[in-house]
Amino acid sequence: MAYTPYSYVQLKADGATTNFPFNFPYLDTAHIQVSVDTVVTDFTWVDSYTIKIASAPVAGAVVEIRRITPKDSAIVSFQDGSTLLEADLDLMVTYNLYCAQEAYDGTQASIYLTADGVWDGQGVRATDFADPVDAQDLMTLNYMNVNF
């Protein structure tokens, strides 16, 4: 069974579509980032769960809509002697859940070590690797083409 991410969706462009839906929640519209073939792209909102890219991406391009919840500061700051509000507690729990989901999505999309000690790349292409140095280093296709 394929993994369904909590915090992003990747859609294949058809060359004509400019509106792209997604179905994961977010705390603020500023937490949504859109990229086309890994290039961050400007977009506008059609509704709460649909974005619009001004020009239709070329057919086959990957349109990614991703929630990136800021993790550099707490979303709620409690003060001694203040009233503890349910809304603040709910917000804090939701914020923590979204951060955890984003981290989990990252691990699910990564290579991992299987139970029998073999690295599994989950059938996806790997890019941006350095040329080999030692005898047991992996070799890129470019290195092989240039050196053999």
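Residues numbered from 1 in each chain as written. Predicted model: local features only at pLDDT ≥ 70, side-chain atom pairs only at ≥ 80, totals over all residues. Heavy atoms only, no water.

As judged from the 5 bridges shared by strand β1 (residues 8–12) and strand β7 (residues 62–67), these two strands associate in the antiparallel manner. Bridge pairing links Leu11 to Val63 in β7. Across 5 bridges, strand β3 (residues 32–36) lies against β7 in antiparallel orientation. From the neighbouring strand, Ser35 faces β7, where its bridge partner is Glu64. (Pairing = 2+ DSSP bridges. Helix = DSSP H or I, 4+ residues; strand = E, 2+ residues; numbered from the N terminus.)

So, about the sheet that holds strand β5 (residues 44–47). Strands sit in the order β2-β6-β5 across an open sheet of 3 strands; the sheet is antiparallel. In the strand order of this sheet, the two ends are held by β2 (19–21) and β5, each with one partner. Shown here is a sheet whose adjacent strand axes are inclined to one another by a mean of 30 degrees, direction ignored. The pairing of β2 with strand β6 (residues 50–52) spans 3 bridges and is classified as antiparallel. For Asn19, the partnering residue across the bridge sits in β6 and is Lys52. (Axes fitted to C-alpha atoms, helices over the stretch in contact; angles between N-to-C directions.)

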